[in-house]
Structure formats: structure tokens, C-alpha cells
Amino acid sequence: MTESTLMSDRTTRILRIGGWVTAALLLTVPAIAMQFPNSGVHWTVSDFVFAAVIFGLIGGLFELAARASRNIAYRAAVVVAVACGFLQLWITVAVGIIGSEDDPANWTYIAMVIAALSAAIVAGSARNLAWAMRFMAVLQLAFLALHLIEGHFTAVIDLFFTALWVLSSRLFARAASQANAA
């Protein structure tokens, strides 16, 4: 691989530190907002614990990606895939994508996160991860069809998530081709 396809150790270190600082800052935002009575923010201890666990898991996934490859496309693919899964989980748990967070149809989005994690664990290589993300895009479209059949009009958000899975797939494929060229 050429140097232009690899991330430097210094950049990696800066991004890793920046990521953990960002997670900590994101946890302080609701804590500060709660100090203003009219903010509408009312987090419980369990909300903070849940957010901390989710941010810790995301940070852990990024740490694993940083150790797995210095390839920029590979790391970008991980960021896109993790962001897609995070958004699906966070929105579903916070307010619900379909109706309220208690609507059983929202479990399809949680199933997407579980499927993505499972596929990533099994896949291993960038080439296999590209195929896994293609599978995720197809699964997202299958859930879109199911949502439409059930009368839930989630096409915009489902197509957005599908586009993220496709983008992640393309980036993993690029990383695999760059590794093969080296």
C-alpha cells in the first residue's frame, strides 16, 4: 500500500484522543442542560449509564478498527458502519423510528445493529466486510418492505440507512483492493 492510503500514527493518536474527549463532552451536554429548568432535558442516572455504555462500545469498536488496519478506506468504512448502527440504536431507544420507542416494529432497527455486529465478527477481512455490509443493505431494504407492508412509511430513513451500508461496503471493497495491490 502507498503512504497515501495509510493513516499516520500521529493522526491515529490524535483521532483516538479526540474521539474519547468527544464522547466525554457529549455526556456533559445533557448534564449542563439539566441545570436550566426550562431546557426540557431530564436525564436519569440510567440514561447517563446507557449513553456511557454505548459511547464506550463505539469507542471500543473504533479502537479495534485502528488496530486492525492503518488503511484510510478501511477506517472510514468502520466509521460509516458504526455510525449507521449507532444512529439506528440511539433513535430507536430515544424516541422510536416507528411511532414511540415502545412500538414493536422498532425491533427491526435493533435487529439491524445485532446483525451488523454479528456479520462484522464473522467477516474478518476487508473483502468479507464489504460483502457483510452489502448484506446489511439488502436486509435494510427487506425491513423497509416489511415496514411498508405493515403501513409504516419509513422509506426515507430506511433508504438513508441503506445508503450508509452501501457506502461502508464500497469503502471496505476499496480497502481490500488497495491491500491486494500492495
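Calculation rules
Residues numbered from 1 in each chain as written. Predicted model: local features only at pLDDT ≥ 70, side-chain atom pairs only at ≥ 80, totals over all residues. Heavy atoms only, no water. Axes fitted to C-alpha atoms, helices over the stretch in contact; angles between N-to-C directions. Helix = DSSP H or I, 4+ residues; strand = E, 2+ residues; numbered from the N terminus. Parallel < 35°, antiparallel > 145°, perpendicular 65-115°, else oblique. Contact = heavy atoms within 4.5 Å. Nonpolar A, V, L, I, M, F, W, Y, C, P; charged D, E, K, R; others polar. Phe/Tyr/Trp six-rings, centres within 6.5 Å; stacked < 30°, edge-to-face > 60°. Buried < 20%, exposed > 50% of the residue type's maximum accessible area, 1.4 Å probe, protein only. Lys NZ or Arg CZ within 6 Å of the ring centre and 35° of its normal. Core = buried A, V, L, I, M, F, W, Y, C linked by side-chain atoms within 4.5 Å. Patch = residues over 30% accessible without salt bridge, like charges linked within 9 Å, V, L, I, M, F, W, Y side chains within 5 Å. Areas by Shrake-Rupley, 256 points an atom, 1.4 Å probe, with all protein chains shown as cover. Salt bridge = Lys/Arg side-chain N within 4 Å of Asp/Glu carboxyl O. Left-handed = near helix turned anticlockwise from the far one by under 90°. Lys, Arg positive; Asp, Glu negative; His and termini not counted. Charge placed at Lys NZ, Arg CZ, Asp CG, Glu CD.

Closest axis-to-axis distance for the helix α4 (residues 107–123)/helix α6 (residues 155–181) pair is 13 Å, and the angle between their directions is 5 degrees. Relative to α6, the element α4 is oriented roughly parallel. Within the contact between the two elements, α4 uses Tyr109, Met112 and Ala116 and α6 uses Ile157, Asp158, Phe161 and Trp165. Taken together, the residues of the contact of α4 with α6 break down into six nonpolar, no polar and one charged.

Time to look at the packing of aromatic side chains. Enumeration over the complete set of coordinates arrives at eight aromatic pairs. Geometrically, the ring pair formed by Phe160 and Phe161 is tilted, given 5.6 Å between the ring centres and 50 degrees between the ring planes. Taking the relative accessible area as the measure of exposure, Phe160 reaches 43% and is therefore partly exposed. According to the relative accessible area criterion, Phe161 is buried, its value standing at 1%. Site record: aromatic cluster; members linked through ring pairs are Phe50, Phe55, Phe86 and Trp90. The ring centre of Trp131 lies 4.4 Å from the NZ or CZ of Arg134, which sits over that ring.

Moving on to the nonpolar core. If you look at the biggest cluster of nonpolar residues, it comprises 39 residues, and the most contacted ones within it are Tyr74, Met133, Met136, Phe161, Trp165 and Phe172. Where this core is concerned, the elements lending two or more residues are α2 (45–68), α3 (72–94), α4, α5 (126–149) and α6. It is α3 that contributes the most residues to this core, nine residues altogether. In contact with Tyr74, not counting residues within four places along its chain, are Ala65, Ala68, Ser69, Gly124, Ala126, Leu129, Phe172 and Ala175.

What follows concerns the environment of Thr12. Tracing the backbone shows Thr12 in helix α1 (residues 9–33). Sequence separation between Thr12 and Arg67 is 55 residues; the distance between their C-alpha atoms is 9.8 Å.

A contiguous nonpolar surface patch, about 390 Å² in accessible area, is contributed by Val45, Val49, Val53 and Leu57. Structurally, the position occupied by Val49 is in helix α2.

Once that is clear, we can look at the packing of α3 against α4. Across the interface, α3 lies against α4 with an axial gap of 9 Å and an inter-helix angle of 150 degrees. Our classification of the angle between α3 and α4 gives roughly antiparallel. As α3 runs across α4, the sense of the crossing is left-handed. Together, Gly85, Gln88, Leu89 and Thr92 of α3 and Tyr109, Ile110, Met112 and Val113 of α4 make up the contact between the two elements. In the contact of α3 with α4, the residues fall into five nonpolar, three polar and no charged.

Taken together, the side chains of Arg127, Arg134, Arg170 and Arg174 make up a positively charged region of the molecular surface. Taken together, the elements giving at least two residues each to the positive patch come down to α5 and α6. The class of Arg170 is exposed, set by a relative accessible area of 52%.

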